[in-house]
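One-letter residues, chain by chain:
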Amino acid sequence: MNYNGILIVDFGGQYNQLLARRIRENNVYCEIVPYTQCLEQMKTKKPLGVILTDGPSSVYWDNAPMVDEAVFDMGIPVLGIGYGAQMMAHVLGGKVSHSEKGENGRVKLMAGSSKSSLTVHTSQLFEGIAAETMCWMSHYDYIDILPDDFVETSHTANCPVASMEDPDQRLYALQFHPEVQHTPFGQKLLKNFIFKVCECEPNWKMSNFVDETIEEIKATVGDRKVLCALSGGVDSTVAACLVHKAIGDRLTCIFVDHGMMRKGEGERVMKLYGENMNLNVKCVNAEERFLTKLQGVTDPEEKRKIIGEEFIRVFEEEAALLNDEEGGIDFLLQGTIYSDVVESGTGPVAIVKSHHNVGGLPEEMKMQLLEPLRMLFKDEVRTVGEQLGLAAELVQRQPFPGPGLAIRCLGEVTEDKMRILRDSDAILREEIEKAGLNRSIWQYFTVLPDIKSVGVMGGERTYDHVVGIRAVNSTDGMTSDWARIPYDVLDVISRRIVNEVAGVNRIVYDITSKPPSTIEWE
(Lines give C-alpha, C1' and ligand atoms only; values in the text may rest on other atoms or scores of the structure.)
Protein backbone atom coordinates (compact mmCIF):
# COMPACT_ATOMS: atom_id res chain seq x y z
CA MET A 1 0.00 0.00 0.00
CA ASN A 2 1.71 3.17 -1.22
CA TYR A 3 -1.06 5.62 -0.40
CA ASN A 4 -1.68 5.19 3.36
CA GLY A 5 -5.30 4.35 2.78
CA ILE A 6 -7.81 1.89 4.22
CA LEU A 7 -7.21 -1.79 4.90
CA ILE A 8 -10.31 -3.97 4.43
CA VAL A 9 -10.18 -7.24 6.37
CA ASP A 10 -12.32 -9.76 4.49
CA PHE A 11 -14.63 -12.23 6.26
CA GLY A 12 -16.38 -13.38 3.10
CA GLY A 13 -19.35 -11.01 2.81
CA GLN A 14 -21.08 -10.63 -0.54
CA TYR A 15 -20.71 -6.82 -0.65
CA ASN A 16 -17.05 -6.60 0.34
CA GLN A 17 -15.75 -5.78 -3.13
CA LEU A 18 -18.39 -3.09 -3.46
CA LEU A 19 -17.10 -1.59 -0.23
CA ALA A 20 -13.64 -1.31 -1.75
CA ARG A 21 -15.12 0.39 -4.81
CA ARG A 22 -16.96 2.95 -2.69
CA ILE A 23 -13.73 3.94 -0.98
CA ARG A 24 -11.70 4.18 -4.18
CA GLU A 25 -14.41 6.35 -5.74
CA ASN A 26 -13.26 8.99 -3.25
CA ASN A 27 -9.67 8.76 -4.55
CA VAL A 28 -8.60 6.94 -1.41
CA TYR A 29 -6.60 3.76 -1.85
CA CYS A 30 -7.83 0.60 -0.15
CA GLU A 31 -6.81 -3.02 -0.21
CA ILE A 32 -8.70 -6.19 0.73
CA VAL A 33 -6.78 -8.75 2.80
CA PRO A 34 -7.99 -12.08 4.26
CA TYR A 35 -8.79 -12.14 7.97
CA THR A 36 -6.02 -14.73 8.41
CA GLN A 37 -3.34 -12.18 7.55
CA CYS A 38 -1.24 -11.63 10.64
CA LEU A 39 -1.20 -8.32 12.46
CA GLU A 40 2.44 -7.62 11.61
CA GLN A 41 1.68 -7.93 7.89
CA MET A 42 -1.19 -5.48 8.30
CA LYS A 43 1.07 -3.01 10.10
CA THR A 44 3.62 -3.04 7.26
CA LYS A 45 0.93 -1.53 4.99
CA LYS A 46 0.67 1.47 7.35
CA PRO A 47 -3.08 2.00 6.90
CA LEU A 48 -4.85 5.03 8.30
CA GLY A 49 -7.92 2.95 9.08
CA VAL A 50 -9.21 -0.62 9.12
CA ILE A 51 -12.63 -1.96 8.09
CA LEU A 52 -13.80 -5.38 9.28
CA THR A 53 -16.30 -6.68 6.73
CA ASP A 54 -19.49 -8.68 6.89
CA GLY A 55 -19.47 -12.44 6.46
CA PRO A 56 -21.70 -15.54 6.64
CA SER A 57 -20.47 -16.77 10.05
CA SER A 58 -21.78 -16.27 13.59
CA VAL A 59 -19.31 -15.10 16.25
CA TYR A 60 -20.51 -17.71 18.78
CA TRP A 61 -19.75 -20.66 16.44
CA ASP A 62 -16.83 -22.94 17.24
CA ASN A 63 -13.85 -21.86 15.13
CA ALA A 64 -15.65 -18.70 13.97
CA PRO A 65 -13.26 -16.49 12.00
CA MET A 66 -11.69 -13.88 14.24
CA VAL A 67 -9.23 -11.07 13.80
CA ASP A 68 -6.28 -10.55 16.13
CA GLU A 69 -7.65 -8.58 19.11
CA ALA A 70 -4.58 -6.33 18.93
CA VAL A 71 -6.12 -4.75 15.80
CA PHE A 72 -8.20 -2.65 18.17
CA ASP A 73 -5.02 -1.40 19.87
CA MET A 74 -3.19 -0.24 16.74
CA GLY A 75 -4.09 3.39 17.47
CA ILE A 76 -5.98 3.84 14.21
CA PRO A 77 -9.75 3.90 13.59
CA VAL A 78 -11.55 0.58 13.08
CA LEU A 79 -15.00 0.23 11.50
CA GLY A 80 -16.88 -3.07 11.73
CA ILE A 81 -19.76 -3.81 9.32
CA GLY A 82 -22.26 -6.66 9.80
CA TYR A 83 -20.27 -9.65 11.05
CA GLY A 84 -17.33 -7.28 11.60
CA ALA A 85 -19.49 -5.20 13.97
CA GLN A 86 -20.65 -8.29 15.86
CA MET A 87 -17.09 -9.58 16.11
CA MET A 88 -15.95 -6.24 17.51
CA ALA A 89 -18.64 -6.46 20.19
CA HIS A 90 -17.83 -10.11 20.94
CA VAL A 91 -14.05 -9.68 21.16
CA LEU A 92 -14.25 -6.55 23.31
CA GLY A 93 -16.56 -8.06 25.94
CA GLY A 94 -20.07 -7.51 24.60
CA LYS A 95 -22.64 -10.14 23.68
CA VAL A 96 -24.12 -11.20 20.32
CA SER A 97 -27.43 -13.05 20.21
CA HIS A 98 -29.61 -14.67 17.55
CA SER A 99 -33.09 -13.47 16.59
CA GLU A 100 -35.72 -15.55 14.84
CA LYS A 101 -37.06 -12.42 13.12
CA GLY A 102 -33.95 -10.85 11.69
CA GLU A 103 -33.90 -7.97 9.20
CA ASN A 104 -33.40 -8.33 5.47
CA GLY A 105 -33.86 -5.44 3.06
CA ARG A 106 -34.73 -1.77 3.54
CA VAL A 107 -35.29 -0.80 7.17
CA LYS A 108 -35.99 2.52 8.90
CA LEU A 109 -32.94 3.71 10.89
CA MET A 110 -33.32 6.07 13.87
CA ALA A 111 -30.66 8.07 15.71
CA GLY A 112 -29.54 7.24 19.22
CA SER A 113 -30.54 4.46 21.58
CA SER A 114 -33.95 2.82 21.58
CA LYS A 115 -33.94 3.42 25.34
CA SER A 116 -33.46 7.20 25.18
CA SER A 117 -35.26 10.20 23.71
CA LEU A 118 -32.26 11.35 21.62
CA THR A 119 -33.49 12.35 18.16
CA VAL A 120 -30.30 13.67 16.50
CA HIS A 121 -26.94 12.15 15.65
CA THR A 122 -24.03 13.32 17.79
CA SER A 123 -21.50 10.91 16.28
CA GLN A 124 -18.77 12.19 13.95
CA LEU A 125 -19.48 9.16 11.77
CA PHE A 126 -23.09 10.30 11.24
CA GLU A 127 -22.32 13.98 10.72
CA GLY A 128 -24.68 15.50 8.15
CA ILE A 129 -26.98 12.45 8.13
CA ALA A 130 -30.69 12.70 8.95
CA ALA A 131 -31.88 11.37 12.31
CA GLU A 132 -34.41 9.15 10.53
CA THR A 133 -33.62 7.53 7.21
CA MET A 134 -33.59 4.16 5.44
CA CYS A 135 -30.76 1.62 5.47
CA TRP A 136 -30.11 -1.86 4.07
CA MET A 137 -30.00 -4.70 6.58
CA SER A 138 -29.13 -8.38 6.15
CA HIS A 139 -28.86 -10.20 9.49
CA TYR A 140 -30.38 -12.47 12.13
CA ASP A 141 -27.65 -12.10 14.75
CA TYR A 142 -27.51 -8.80 16.61
CA ILE A 143 -25.49 -7.01 19.29
CA ASP A 144 -27.37 -7.67 22.53
CA ILE A 145 -24.96 -6.23 25.12
CA LEU A 146 -22.44 -3.50 24.30
CA PRO A 147 -18.78 -3.71 25.32
CA ASP A 148 -17.61 -1.33 28.05
CA ASP A 149 -17.22 2.31 26.97
CA PHE A 150 -19.39 1.83 23.83
CA VAL A 151 -22.62 3.73 23.20
CA GLU A 152 -25.48 3.10 20.78
CA THR A 153 -25.61 5.64 17.97
CA SER A 154 -28.63 4.29 16.06
CA HIS A 155 -31.33 1.63 16.19
CA THR A 156 -34.25 0.17 14.25
CA ALA A 157 -37.61 -1.20 15.39
CA ASN A 158 -36.16 -4.73 15.69
CA CYS A 159 -32.45 -4.05 16.20
CA PRO A 160 -31.53 -2.25 19.43
CA VAL A 161 -27.94 -1.63 18.24
CA ALA A 162 -27.89 -0.72 14.57
CA SER A 163 -24.62 1.10 15.26
CA MET A 164 -22.33 1.69 18.22
CA GLU A 165 -19.00 3.38 18.91
CA ASP A 166 -16.25 4.13 21.37
CA PRO A 167 -15.26 7.60 20.11
CA ASP A 168 -12.24 7.90 22.41
CA GLN A 169 -10.68 4.75 20.93
CA ARG A 170 -12.11 5.54 17.46
CA LEU A 171 -13.88 2.19 17.23
CA TYR A 172 -17.13 2.10 15.23
CA ALA A 173 -19.60 -0.63 14.34
CA LEU A 174 -22.54 -0.78 11.89
CA GLN A 175 -25.07 -3.56 11.62
CA PHE A 176 -26.34 -2.14 8.31
CA HIS A 177 -24.52 -1.89 4.97
CA PRO A 178 -23.37 1.63 3.97
CA GLU A 179 -21.73 0.36 0.76
CA VAL A 180 -24.94 -0.56 -1.10
CA GLN A 181 -27.10 1.91 -3.01
CA HIS A 182 -30.12 0.91 -0.91
CA THR A 183 -28.53 2.81 1.99
CA PRO A 184 -28.89 6.33 0.50
CA PHE A 185 -26.61 8.02 3.04
CA GLY A 186 -24.01 5.26 2.86
CA GLN A 187 -21.48 7.14 0.74
CA LYS A 188 -21.74 10.15 3.06
CA LEU A 189 -21.07 7.93 6.07
CA LEU A 190 -18.06 6.30 4.43
CA LYS A 191 -16.71 9.73 3.53
CA ASN A 192 -17.05 10.75 7.16
CA PHE A 193 -15.08 7.68 8.18
CA ILE A 194 -12.25 7.96 5.66
CA PHE A 195 -11.84 11.76 5.71
CA LYS A 196 -13.07 13.00 9.11
CA VAL A 197 -12.22 10.01 11.31
CA CYS A 198 -9.20 8.49 9.50
CA GLU A 199 -8.01 11.80 7.96
CA CYS A 200 -7.09 10.15 4.65
CA GLU A 201 -5.90 12.20 1.71
CA PRO A 202 -7.60 11.79 -1.71
CA ASN A 203 -4.32 10.90 -3.44
CA TRP A 204 -5.32 7.70 -5.28
CA LYS A 205 -5.27 8.94 -8.88
CA MET A 206 -4.81 7.00 -12.10
CA SER A 207 -2.18 9.41 -13.37
CA ASN A 208 -0.04 8.60 -10.34
CA PHE A 209 -0.73 4.91 -10.81
CA VAL A 210 0.40 4.93 -14.45
CA ASP A 211 3.71 6.70 -13.79
CA GLU A 212 4.54 4.66 -10.70
CA THR A 213 3.58 1.35 -12.30
CA ILE A 214 5.75 1.96 -15.36
CA GLU A 215 8.70 2.65 -13.06
CA GLU A 216 7.93 -0.48 -11.03
CA ILE A 217 7.81 -2.58 -14.22
CA LYS A 218 11.19 -1.20 -15.32
CA ALA A 219 12.68 -2.03 -11.94
CA THR A 220 11.15 -5.53 -11.83
CA VAL A 221 11.90 -6.62 -15.38
CA GLY A 222 15.25 -4.91 -15.78
CA ASP A 223 16.84 -5.90 -19.11
CA ARG A 224 14.87 -9.16 -19.36
CA LYS A 225 11.97 -10.06 -21.68
CA VAL A 226 8.22 -10.47 -21.20
CA LEU A 227 5.62 -12.65 -22.92
CA CYS A 228 2.11 -11.17 -22.88
CA ALA A 229 -1.06 -13.28 -22.83
CA LEU A 230 -3.06 -11.03 -25.13
CA SER A 231 -6.78 -11.79 -25.41
CA GLY A 232 -7.83 -8.60 -27.19
CA GLY A 233 -9.94 -7.47 -24.21
CA VAL A 234 -9.59 -4.26 -22.25
CA ASP A 235 -7.54 -5.72 -19.40
CA SER A 236 -4.83 -7.46 -21.44
CA THR A 237 -4.68 -4.49 -23.84
CA VAL A 238 -4.04 -1.98 -21.06
CA ALA A 239 -1.53 -4.31 -19.40
CA ALA A 240 0.33 -4.76 -22.71
CA CYS A 241 0.47 -1.00 -23.31
CA LEU A 242 1.77 -0.32 -19.79
CA VAL A 243 4.57 -2.87 -20.18
CA HIS A 244 5.33 -1.76 -23.74
CA LYS A 245 5.87 1.79 -22.47
CA ALA A 246 8.21 0.41 -19.83
CA ILE A 247 10.34 -2.05 -21.85
CA GLY A 248 9.50 -1.46 -25.52
CA ASP A 249 10.30 -4.26 -27.98
CA ARG A 250 11.32 -6.67 -25.23
CA LEU A 251 7.59 -7.43 -25.00
CA THR A 252 6.14 -10.17 -27.24
CA CYS A 253 2.37 -10.69 -27.31
CA ILE A 254 0.81 -14.10 -27.90
CA PHE A 255 -2.82 -14.35 -28.97
CA VAL A 256 -4.12 -17.90 -28.51
CA ASP A 257 -7.09 -18.81 -30.69
CA HIS A 258 -8.48 -21.66 -28.61
CA GLY A 259 -11.53 -22.22 -30.80
CA MET A 260 -13.87 -20.49 -28.36
CA MET A 261 -13.58 -16.92 -29.63
CA ARG A 262 -16.31 -14.71 -31.03
CA LYS A 263 -16.87 -14.53 -34.77
CA GLY A 264 -13.95 -12.81 -36.51
CA GLU A 265 -12.10 -12.21 -33.23
CA GLY A 266 -8.73 -13.60 -34.33
CA GLU A 267 -8.54 -11.49 -37.49
CA ARG A 268 -9.60 -8.37 -35.58
CA VAL A 269 -6.96 -8.81 -32.88
CA MET A 270 -4.10 -9.37 -35.32
CA LYS A 271 -5.03 -6.36 -37.43
CA LEU A 272 -5.73 -3.99 -34.57
CA TYR A 273 -2.72 -4.76 -32.39
CA GLY A 274 -0.17 -5.62 -35.04
CA GLU A 275 -0.91 -2.99 -37.66
CA ASN A 276 -2.41 -0.15 -35.64
CA MET A 277 -0.61 -0.38 -32.28
CA ASN A 278 2.79 -1.60 -33.47
CA LEU A 279 2.90 -4.39 -30.90
CA ASN A 280 4.82 -7.56 -31.69
CA VAL A 281 1.88 -10.04 -31.84
CA LYS A 282 1.90 -13.72 -32.78
CA CYS A 283 -1.29 -15.78 -33.26
CA VAL A 284 -1.24 -19.42 -32.14
CA ASN A 285 -4.03 -21.66 -33.46
CA ALA A 286 -4.79 -24.13 -30.66
CA GLU A 287 -8.45 -24.93 -31.31
CA GLU A 288 -8.04 -28.70 -31.65
CA ARG A 289 -5.79 -28.83 -28.60
CA PHE A 290 -8.25 -27.05 -26.28
CA LEU A 291 -11.39 -28.79 -27.55
CA THR A 292 -9.69 -32.18 -27.12
CA LYS A 293 -8.83 -31.36 -23.51
CA LEU A 294 -12.43 -30.31 -22.83
CA GLN A 295 -14.07 -33.43 -24.29
CA GLY A 296 -16.57 -34.92 -21.83
CA VAL A 297 -16.00 -32.16 -19.23
CA THR A 298 -19.19 -30.57 -17.87
CA ASP A 299 -18.21 -29.12 -14.48
CA PRO A 300 -17.70 -25.32 -14.76
CA GLU A 301 -14.77 -25.19 -12.32
CA GLU A 302 -13.00 -28.07 -14.07
CA LYS A 303 -13.49 -26.35 -17.43
CA ARG A 304 -11.93 -23.13 -16.17
CA LYS A 305 -8.97 -24.92 -14.65
CA ILE A 306 -8.31 -26.99 -17.77
CA ILE A 307 -8.41 -23.84 -19.90
CA GLY A 308 -6.21 -21.93 -17.44
CA GLU A 309 -3.55 -24.63 -17.36
CA GLU A 310 -3.61 -25.17 -21.11
CA PHE A 311 -3.13 -21.43 -21.68
CA ILE A 312 -0.02 -21.52 -19.50
CA ARG A 313 1.37 -24.57 -21.30
CA VAL A 314 0.91 -22.88 -24.69
CA PHE A 315 2.64 -19.75 -23.43
CA GLU A 316 5.52 -21.82 -21.99
CA GLU A 317 5.96 -23.60 -25.34
CA GLU A 318 5.96 -20.30 -27.21
CA ALA A 319 8.43 -18.86 -24.72
CA ALA A 320 10.71 -21.84 -25.29
CA LEU A 321 10.59 -21.24 -29.06
CA LEU A 322 11.38 -17.56 -28.58
CA ASN A 323 14.19 -18.46 -26.17
CA ASP A 324 15.84 -20.51 -28.91
CA GLU A 325 15.58 -17.55 -31.27
CA GLU A 326 16.11 -14.51 -29.06
CA GLY A 327 17.25 -15.47 -25.58
CA GLY A 328 15.42 -16.04 -22.30
CA ILE A 329 11.89 -14.92 -21.45
CA ASP A 330 11.38 -14.71 -17.72
CA PHE A 331 7.95 -13.10 -17.28
CA LEU A 332 4.38 -13.88 -18.30
CA LEU A 333 2.23 -10.75 -18.45
CA GLN A 334 -1.51 -11.16 -17.68
CA GLY A 335 -4.37 -8.66 -17.56
CA THR A 336 -5.54 -9.93 -14.17
CA ILE A 337 -7.75 -7.42 -12.34
CA TYR A 338 -9.01 -7.23 -8.77
CA SER A 339 -12.45 -8.78 -9.38
CA ASP A 340 -10.68 -11.84 -10.91
CA VAL A 341 -8.62 -12.22 -7.76
CA VAL A 342 -11.47 -11.77 -5.29
CA GLU A 343 -14.02 -13.97 -7.08
CA SER A 344 -11.44 -16.76 -7.40
CA GLY A 345 -11.44 -17.05 -3.63
CA THR A 346 -7.77 -16.53 -2.90
CA GLY A 347 -7.17 -17.12 0.80
CA PRO A 348 -10.06 -18.16 3.08
CA VAL A 349 -12.83 -16.38 1.16
CA ALA A 350 -15.43 -18.48 -0.66
CA ILE A 351 -14.85 -19.14 -4.36
CA VAL A 352 -17.45 -17.63 -6.65
CA LYS A 353 -15.70 -19.00 -9.73
CA SER A 354 -12.07 -19.76 -10.55
CA HIS A 355 -10.93 -17.24 -13.13
CA HIS A 356 -8.64 -18.98 -15.60
CA ASN A 357 -5.86 -16.46 -14.88
CA VAL A 358 -6.04 -16.86 -11.07
CA GLY A 359 -7.70 -19.97 -9.62
CA GLY A 360 -7.19 -21.82 -12.90
CA LEU A 361 -3.40 -21.45 -12.92
CA PRO A 362 -1.24 -24.56 -12.50
CA GLU A 363 0.80 -24.86 -9.31
CA GLU A 364 4.11 -25.12 -11.19
CA MET A 365 5.02 -22.49 -13.78
CA LYS A 366 8.27 -21.82 -15.61
CA MET A 367 7.75 -18.06 -15.89
CA GLN A 368 7.21 -15.42 -13.25
CA LEU A 369 3.82 -13.68 -13.38
CA LEU A 370 3.67 -9.96 -14.11
CA GLU A 371 0.23 -8.49 -13.28
CA PRO A 372 0.34 -4.67 -13.15
CA LEU A 373 -3.48 -4.31 -12.98
CA ARG A 374 -4.03 -6.87 -10.24
CA MET A 375 -5.28 -4.30 -7.70
CA LEU A 376 -7.62 -2.39 -10.07
CA PHE A 377 -11.32 -2.77 -10.81
CA LYS A 378 -12.66 -2.72 -14.38
CA ASP A 379 -13.59 0.96 -14.48
CA GLU A 380 -10.18 1.87 -13.05
CA VAL A 381 -8.53 -0.17 -15.82
CA ARG A 382 -10.51 1.82 -18.41
CA THR A 383 -9.26 5.05 -16.80
CA VAL A 384 -5.66 3.80 -17.06
CA GLY A 385 -6.30 3.07 -20.75
CA GLU A 386 -7.47 6.64 -21.25
CA GLN A 387 -4.37 7.91 -19.41
CA LEU A 388 -2.26 5.87 -21.83
CA GLY A 389 -4.01 7.49 -24.81
CA LEU A 390 -5.74 4.35 -26.06
CA ALA A 391 -8.63 4.79 -28.51
CA ALA A 392 -12.17 4.72 -27.11
CA GLU A 393 -12.84 1.66 -29.29
CA LEU A 394 -10.34 -0.26 -27.16
CA VAL A 395 -10.95 1.29 -23.74
CA GLN A 396 -14.74 1.00 -23.85
CA ARG A 397 -14.83 -2.46 -25.43
CA GLN A 398 -17.18 -4.67 -23.46
CA PRO A 399 -15.61 -7.45 -21.38
CA PHE A 400 -14.97 -10.85 -22.91
CA PRO A 401 -13.82 -13.71 -20.64
CA GLY A 402 -10.46 -15.38 -21.19
CA PRO A 403 -12.04 -18.86 -21.41
CA GLY A 404 -14.19 -17.38 -24.16
CA LEU A 405 -17.44 -19.00 -25.20
CA ALA A 406 -16.63 -22.10 -23.15
CA ILE A 407 -18.18 -20.55 -20.03
CA ARG A 408 -21.25 -19.47 -22.02
CA CYS A 409 -21.76 -23.09 -23.09
CA LEU A 410 -23.26 -25.11 -20.25
CA GLY A 411 -22.31 -28.76 -20.30
CA GLU A 412 -19.72 -30.23 -22.64
CA VAL A 413 -17.99 -27.88 -25.07
CA THR A 414 -18.29 -29.07 -28.66
CA GLU A 415 -17.49 -27.60 -32.06
CA ASP A 416 -21.20 -27.47 -32.98
CA LYS A 417 -22.11 -25.64 -29.78
CA MET A 418 -19.36 -23.12 -30.47
CA ARG A 419 -20.86 -22.54 -33.92
CA ILE A 420 -24.28 -21.81 -32.41
CA LEU A 421 -22.79 -19.42 -29.87
CA ARG A 422 -20.62 -17.60 -32.42
CA ASP A 423 -23.46 -17.11 -34.88
CA SER A 424 -26.10 -16.14 -32.32
CA ASP A 425 -23.71 -13.77 -30.53
CA ALA A 426 -22.82 -12.08 -33.84
CA ILE A 427 -26.52 -11.47 -34.58
CA LEU A 428 -27.11 -10.07 -31.09
CA ARG A 429 -24.17 -7.68 -31.38
CA GLU A 430 -25.18 -6.57 -34.85
CA GLU A 431 -28.77 -5.75 -33.84
CA ILE A 432 -27.74 -4.01 -30.61
CA GLU A 433 -25.42 -1.77 -32.63
CA LYS A 434 -28.11 -1.12 -35.25
CA ALA A 435 -30.46 0.00 -32.47
CA GLY A 436 -27.80 2.38 -31.11
CA LEU A 437 -27.69 0.58 -27.77
CA ASN A 438 -24.07 -0.59 -27.89
CA ARG A 439 -22.81 2.39 -25.85
CA SER A 440 -25.59 2.29 -23.27
CA ILE A 441 -25.41 -1.44 -22.44
CA TRP A 442 -22.28 -2.43 -20.53
CA GLN A 443 -22.13 -6.04 -21.74
CA TYR A 444 -24.31 -8.29 -23.87
CA PHE A 445 -23.88 -11.83 -25.22
CA THR A 446 -25.67 -15.11 -25.85
CA VAL A 447 -25.44 -18.28 -23.76
CA LEU A 448 -26.24 -21.89 -24.58
CA PRO A 449 -27.90 -23.77 -21.70
CA ASP A 450 -27.50 -27.52 -21.83
CA ILE A 451 -31.19 -28.01 -22.66
CA LYS A 452 -33.38 -28.55 -25.70
CA SER A 453 -37.02 -27.73 -26.23
CA VAL A 454 -39.86 -28.79 -28.52
CA GLY A 455 -40.78 -26.40 -31.31
CA VAL A 456 -42.51 -26.23 -34.68
CA MET A 457 -40.67 -25.01 -37.78
CA GLY A 458 -41.83 -25.44 -41.38
CA GLY A 459 -44.90 -27.27 -40.10
CA GLU A 460 -42.77 -29.98 -38.48
CA ARG A 461 -41.82 -30.79 -34.89
CA THR A 462 -38.32 -29.80 -33.81
CA TYR A 463 -36.31 -30.62 -30.71
CA ASP A 464 -33.49 -28.10 -30.69
CA HIS A 465 -31.31 -25.87 -28.53
CA VAL A 466 -32.45 -22.96 -26.38
CA VAL A 467 -30.34 -19.78 -26.68
CA GLY A 468 -30.30 -17.29 -23.82
CA ILE A 469 -29.60 -13.57 -24.10
CA ARG A 470 -27.68 -11.86 -21.29
CA ALA A 471 -27.40 -8.06 -21.23
CA VAL A 472 -26.31 -6.12 -18.14
CA ASN A 473 -25.30 -2.68 -16.95
CA SER A 474 -22.47 -2.30 -14.47
CA THR A 475 -19.56 -0.07 -13.51
CA ASP A 476 -16.96 -2.43 -12.14
CA GLY A 477 -18.35 -5.89 -12.84
CA MET A 478 -18.84 -6.67 -9.15
CA THR A 479 -22.55 -5.84 -9.24
CA SER A 480 -24.90 -5.47 -12.21
CA ASP A 481 -28.51 -5.03 -13.24
CA TRP A 482 -30.17 -6.50 -16.33
CA ALA A 483 -30.52 -4.13 -19.28
CA ARG A 484 -34.02 -3.14 -20.42
CA ILE A 485 -33.69 -3.84 -24.15
CA PRO A 486 -36.79 -2.59 -26.03
CA TYR A 487 -39.24 -5.34 -26.96
CA ASP A 488 -39.09 -4.57 -30.68
CA VAL A 489 -35.30 -5.01 -30.66
CA LEU A 490 -35.59 -8.29 -28.76
CA ASP A 491 -38.19 -9.41 -31.28
CA VAL A 492 -35.82 -8.84 -34.22
CA ILE A 493 -32.95 -10.58 -32.42
CA SER A 494 -35.12 -13.58 -31.55
CA ARG A 495 -36.48 -14.02 -35.07
CA ARG A 496 -33.07 -13.69 -36.68
CA ILE A 497 -31.37 -16.23 -34.39
CA VAL A 498 -34.12 -18.82 -34.81
CA ASN A 499 -34.19 -18.38 -38.60
CA GLU A 500 -30.47 -18.00 -39.28
CA VAL A 501 -28.76 -20.28 -36.74
CA ALA A 502 -29.32 -23.97 -37.41
CA GLY A 503 -30.27 -26.06 -34.38
CA VAL A 504 -32.07 -23.33 -32.39
CA ASN A 505 -35.82 -23.06 -31.84
CA ARG A 506 -36.24 -20.97 -28.68
CA ILE A 507 -34.84 -17.70 -27.27
CA VAL A 508 -35.00 -16.66 -23.59
CA TYR A 509 -33.91 -13.43 -21.85
CA ASP A 510 -32.02 -13.47 -18.52
CA ILE A 511 -33.45 -10.79 -16.19
CA THR A 512 -31.49 -11.46 -12.99
CA SER A 513 -29.11 -9.01 -11.33
CA LYS A 514 -25.69 -9.67 -9.78
CA PRO A 515 -26.01 -10.74 -7.01
CA PRO A 516 -27.70 -13.22 -6.73
CA SER A 517 -26.48 -14.38 -10.16
CA THR A 518 -23.12 -13.68 -11.76
CA ILE A 519 -22.81 -11.94 -15.13
CA GLU A 520 -21.49 -15.05 -16.86
CA TRP A 521 -23.47 -18.29 -16.54
CA GLU A 522 -20.43 -20.36 -15.52
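Residues numbered from 1 in each chain as written. Predicted model: local features only at pLDDT ≥ 70, side-chain atom pairs only at ≥ 80, totals over all residues. Heavy atoms only, no water.

> Teacher, can you tell me more about the overall build of the chain here?
Looking only at helices and strands, the chain has 14 helices and 19 strands in total. Scaling as 2.2 N^0.38, a compact globule of 522 residues should have a C-alpha radius of gyration of about 24 Å, and the chain matches this with 25 Å. Principal axes of the C-alpha set define a box for the chain whose edges measure 70 × 65 × 45 Å. Counting across all 522 residues of the chain, residues that qualify as buried make up 58%. Considering only contacts within the chain whose residues lie at least 6 apart along the sequence, 74% involve residues at least 24 apart. Surface exposure of the chain reaches about 22,000 Å², of which carbon and sulfur atoms provide 46%. Placing the 53 positive and 77 negative side-chain charges of the chain at their respective mean positions leaves the two points 4 Å apart. (Helix = DSSP H or I, 4+ residues; strand = E, 2+ residues; numbered from the N terminus. Rg over C-alpha atoms; globule rule 2.2 N^0.38 Å. Buried < 20%, exposed > 50% of the residue type's maximum accessible area, 1.4 Å probe, protein only. Contact = heavy atoms within 4.5 Å. Areas by Shrake-Rupley, 256 points an atom, 1.4 Å probe, with all protein chains shown as cover. Lys, Arg positive; Asp, Glu negative; His and termini not counted. Charge placed at Lys NZ, Arg CZ, Asp CG, Glu CD.)

> How should unusual backbone geometry be read in this particular structure?
Residues apart from glycine generally show negative phi values, whereas peptide bonds are mostly found in trans. Notably, Lys46 is not glycine yet its phi reads approximately 50°, a positive angle. Counting through the fold element by element, Lys46 comes out in the loop between helix H2 (39-44) and strand S3 (49-52).

> Mind showing me how you'd approach the sheet that holds strand S10 (residues 226-229) here?
Two modes of strand pairing occur in sheets, parallel and antiparallel, and in both the strands are linked by backbone hydrogen bonds. Within the open sheet, the five strands sit side by side as S12-S11-S10-S13-S14. Their pairing is parallel. Whereas interior strands pair on both sides, the edge strands pair on one side only; in this sheet they are strand S12 (281-285) and strand S14 (368-370). Looking at each pair of strands side by side, their axes are set apart by 30° on average, direction ignored. Relative to S12, strand S11 (residues 251-257) runs parallel, the two being bridged by five bridges. Bridged to Asp257 within S12 is Asn285. (Pairing = 2+ DSSP bridges. Axes fitted to C-alpha atoms, helices over the stretch in contact; angles between N-to-C directions.)

> Honestly, the side chain of His139 in this entry has me stumped. Any pointers?
Assignment of secondary structure puts His139 in strand S6 (residues 132-145). Overall, the relative accessible area of 7% leaves His139 in the buried class. A distance of 2.7 Å separates a polar side-chain atom of His139 from the backbone oxygen of Asp141. (Polar contact = N/O pair within 3.5 Å; in protein donor to acceptor, adjacent residues only side chain to side chain.)

> How do you make sense of the sheet that holds S6 when you look at a structure like this?
As summarised here, the arrangement of the nine strands in space is S2-S1-S3-S4-S9-S8-S7-S5-S6, forming an open sheet in which the pairing is mixed. Edge positions in the sheet fall to strand S2 (30-34) and S6, since each of these pairs with one other strand and no more. Within this sheet the neighbouring strands show an average axis-to-axis angle of 20°, counted without direction. Across four bridges, the pairing between strand S4 (residues 78-81) and strand S9 (residues 171-174) is parallel. Paired with Gly80 across the bridge in S9 is Ala173.

> How do you make sense of the pattern of salt bridges when you look at a structure like this?
If charged atoms from side chains of opposite charge come close, those side chains can pair. Across all of its chains, the model carries 33 salt bridges by this definition. Here Lys196 ties to Glu127 by a salt bridge, and the two come within 3.4 Å at their closest N and O atoms. You can see Lys196 sitting in helix H4 (residues 186-197) and its partner Glu127 sitting in the loop between strand S5 (95-111) and S6, a full 69 residues away along the chain. Residue Lys196 is classed as partly exposed on the basis of its relative accessible area of 34%. (Salt bridge = Lys/Arg side-chain N within 4 Å of Asp/Glu carboxyl O.)

> Just checking my understanding: could you explain the packing of aromatic side chains for this structure?
Note on aromatic pairs: each is described by the distance of the centres and the angle between the planes. Tallied over the entire structure, the rule returns ten aromatic pairs. On the basis of an interplanar angle of 80° and a centroid distance of 6.4 Å, the ring pair of Tyr172 and Phe193 is categorised as edge-to-face. Placement of the pair is Tyr172 in strand S9 and Phe193 in helix H4, with a sequence separation of 21 residues. The buried category is assigned to Tyr172, whose relative accessible area is 2%. Of the residues examined, Phe193 reaches a relative accessible area of 0% and is grouped as buried. Through a chain of ring-to-ring contacts, three or more aromatic side chains come together here, namely Phe11, Tyr35 and Tyr83. The ring centre of Phe445 lies 3.7 Å from the NZ or CZ of Arg408, which sits over that ring. (Phe/Tyr/Trp six-rings, centres within 6.5 Å; stacked < 30°, edge-to-face > 60°. Lys NZ or Arg CZ within 6 Å of the ring centre and 35° of its normal.)

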